[in-house]
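# Fold and geometry: a report
One-letter residues, chain by chain:
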Amino acid sequence: MSGFHVALLVQKFGGSSLATSERIRIVAERIHDSLSQGDRVALVVSAMGDTTDDLIAAAQRLASRPNSRELDFLLSTGELVSAALTSMALHELGRDAVALSGPQAGIRTNGRYGRARITEIEPTRIRAELEAGRVPVMAGFQGLGPGGDIVTLARGTSDTSAVALAVALGVDRCEIYTDVDGIFTADPRIVPDARKLDLVIYDEMLEMAKLGARVMHPRAVEIAEHFGMPVVVRSSFSDAPGTEIVAESAVPIETMQRVRAVAHDTDVARVTIRGVSDRPGLAHALFQPLADRHINIDVIVQNVSDGGVTDLSFTIAETDLDATLDLIRPVAAEIGARDVAASTELGKVSIVGVGIQSTPGIASRMFGALAADGINIVSITTSEIRLTCLVDKAQVARATELLHDEFDLSAADAV
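This write-up is about the structure you can find in this document. (Residues numbered from 1 in each chain as written. Predicted model: local features only at pLDDT ≥ 70, side-chain atom pairs only at ≥ 80, totals over all residues. Heavy atoms only, no water.)

## Digging into the layout of surface pockets
- Its boundaries defined by the atoms lining it, the second largest pocket holds a volume of some 230 Å³.
- Residue lining of the second largest pocket: 16 residues in total, with Arg30, Ser34, Gln37, Tyr177 and Arg234 positioned closest to the centre.
- For the lining of the second largest pocket, the secondary structure elements donating two or more residues are β1 (8–13), α1 (21–36) and β9 (173–178).
- Per element, the largest residue contribution to the lining of the second largest pocket is 4 residues, and it comes from α1. (1 Å grid on protein atoms, 1.4 Å probe; cavity = no way out; pocket = protein on both sides within 12 Å on 5 of 7 lines; lining within 4 Å. Points joined across faces, edges and corners; volume = space filled by probe spheres on them. Helix = DSSP H or I, 4+ residues; strand = E, 2+ residues; numbered from the N terminus.)

This is how it looks when you write it as structure tokens:
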């Protein structure tokens with residue numbers, strides 16, 4: 001047929017989309033419809049619902065700190081179950097499909113248990129299955145380490161697997177299916193009148209992902225931006241068009257709203273090293289072990305030196321707190337710091353949008369809206385497209401609502 005284009009797609013389905021057998025059937029029917037339109041599809045799946053949390057809990061009932069190799073081996077099974085069940089559901093609809101583990105699909109990693117990064121994808125098996133008319137269903141979140149062990153890529157990274165596979169296959173686009181209709185101006189569970197965005201640029205999406213928006217993992221966005229892979233975030237349960245994540249050149253920037261979204265994060269811990277000698281090299285000594293373990297650091301504050309000593313604070317994900325303290329305390333003792341303190345009572349609220357720093361009054365409005373409601377700002381960090389405030393964790397939801405109202409984000413998109 002003249003002008004008919006057969007798309008080659010990678011579609012990723014998250015745990016909420018696969019939480020029950022009925023939902024897996026719905027997903028299989030959606031894939032069946034895509035195939036009926038002539039598309040060729042490779043799938044990436046997450047573990048069903050809360051499976052990963054349940055597996056971690058089971059491990060912790062037996063070991064206070066489970067061995068990292070055995071824990072990765074255990075956690076990898078969640079995605080394998082999803083891949084097998086989704087493949088079975090497709091067979092029931094008359095579609096030939098094959099479930100594959102990450103290693104079987106050609107995912108190679110650097111082998112860091114629980115935090116592995118993809119080093120290469122050799123998609124020979126995936127291509128062969130597609131050419132044979134089968135639907136490859138790949139388990140996300142996992143790959144093969146250098147020593148031959150199965151390793152995981154860190155929580156929430158099945159979409160990283162999907163985008164990386166999409167790049168390796170050179171597909172038309174990568175579709176991320178979840179339980180919401182797309183990317184919103186705020187979390188709809190906190191701000192009921194949050195509005196779905198039709199377009200988001202890579203840089204905005206990357207900041208939103210780093211700042212607590214759980215729809216995509218930051219590493220997935222980084223890969224998509226680097227390789228220019230088109231990404232669409234859509235709902236598994238509706239035909240809504242979703243949100244396209246695009247390059248900045250595809251959007252008329254000067255007509256954009258300067259603040260596009262409010263992001264929040266309560267998975268925050270603050271670590272403070274008190275009584276640190278104010279001399280060159282100590283920050284490097286403290287942070288290098290965290291970098292070696294791929295622990296991300298966000299808000300960093302160093303107090304003004306008093307008598308040659310200072311306090312140094314930084315934030316991390318609360319889930320990384322135990323590992324961080326294990327690494328920091330020996331270094332702090334070695335450099336003669338007075339002590340190390342930790343708090344999990346803070347959260348982050350951020351505004352995101354291209355041109356924030358070049359638009360007069362944005363910061364003043366943000367700080368004023370929080371102050372007027374009695375919300376104290378503990379510390380502030382900025383980039384060219386975001387402003388982040390640390391506030392009391394109990395006030396994060398209220399702060400998110402206030403800022404969404406302050407910048408009128410429920411109004412029609414200005415793009």
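Having put the structure on the table, let's press on.
## Some thoughts on the pairing of strand β18 (residues 346–352)
- Burial of β18 is extensive: 7 of the 7 residues sit out of reach of the surface.
- Burial along β18 is two-sided: Leu346, Lys348, Ser350 and Val352 and Gly347, Val349 and Ile351, pointing in opposite directions, are all buried.
- As paired strands, strand β13 (residues 261–265) and β18 are joined by 5 bridges and run antiparallel to one another. Looking across to β18, one finds that valine 262 is bridged to isoleucine 351.
- Of the pairings in the sheet, the one linking β18 to strand β20 (residues 386–392) comprises 7 bridges and is antiparallel in character. Bridge pairing in β20 places valine 349 opposite cysteine 389. (Buried < 20%, exposed > 50% of the residue type's maximum accessible area, 1.4 Å probe, protein only. Pairing = 2+ DSSP bridges.)

## Considerations on the sheet that holds β13
- Read across the sheet, 4 strands follow the order β13-β18-β20-β19 without closing on themselves; strand pairing throughout is antiparallel. The sheet is open, and its two edges are formed by β13 and β19 (379–383), each paired on a single side. Going across the sheet, the axis of each strand differs from the next one's by a mean of 20°, ignoring polarity.
- The sheet contacts of helix α10 (residues 362–372) involve β18, β19 and β20, and relative to β20 the element is tilted by about 15°.
- The strands touched by helix α11 (residues 396–406) are β13, β18 and β20; relative to β18, the strand with the most contacts, the crossing angle is about 15°. (Axes fitted to C-alpha atoms, helices over the stretch in contact; angles between N-to-C directions. Contact = heavy atoms within 4.5 Å.)

## Overview of the packing of α1 against helix α3 (residues 68–92)
- In contact at an axis separation of 9 Å, α1 and α3 are set at 60° when each is read in the N-to-C sense. Taken together, the axes of α1 and α3 lie oblique to each other. In the packing of α1 onto α3, the handedness of the crossing is right-handed. In this structure, α1 uses Ile24, Ala28 and Ile31 to contact α3, whose residues at the interface are Leu85, Thr86, Ala89 and Leu90.
- Class assignment for the residues of the contact of α1 with α3 results in 6 nonpolar, 1 polar and no charged. (Parallel < 35°, antiparallel > 145°, perpendicular 65-115°, else oblique. Left-handed = near helix turned anticlockwise from the far one by under 90°. Nonpolar A, V, L, I, M, F, W, Y, C, P; charged D, E, K, R; others polar.)

## Looking at the sheet that holds strand β15 (residues 300–302)
- Spatially, the 4 strands line up as an open sheet ordered β15-β16-β14-β17, and their pairing is antiparallel. The strands lining the two open edges of the sheet, one partner per strand, are β15 and β17 (339–343). Each strand of the sheet is rotated relative to its neighbour by a mean of 15°, with strand direction disregarded.
- In terms of strand pairing, strand β14 (residues 269–277) meets β17 through 5 bridges, oriented antiparallel. Each bridged residue has a counterpart across the sheet, and for valine 271 the counterpart in β17 is alanine 342.
- Contacts between helix α8 (residues 282–292) and the sheet are confined to β14, β15 and β16 (309–316), with β16 contributing the most and set at about 25° to the helix.

These figures come from the coordinates and say nothing about function on their own.
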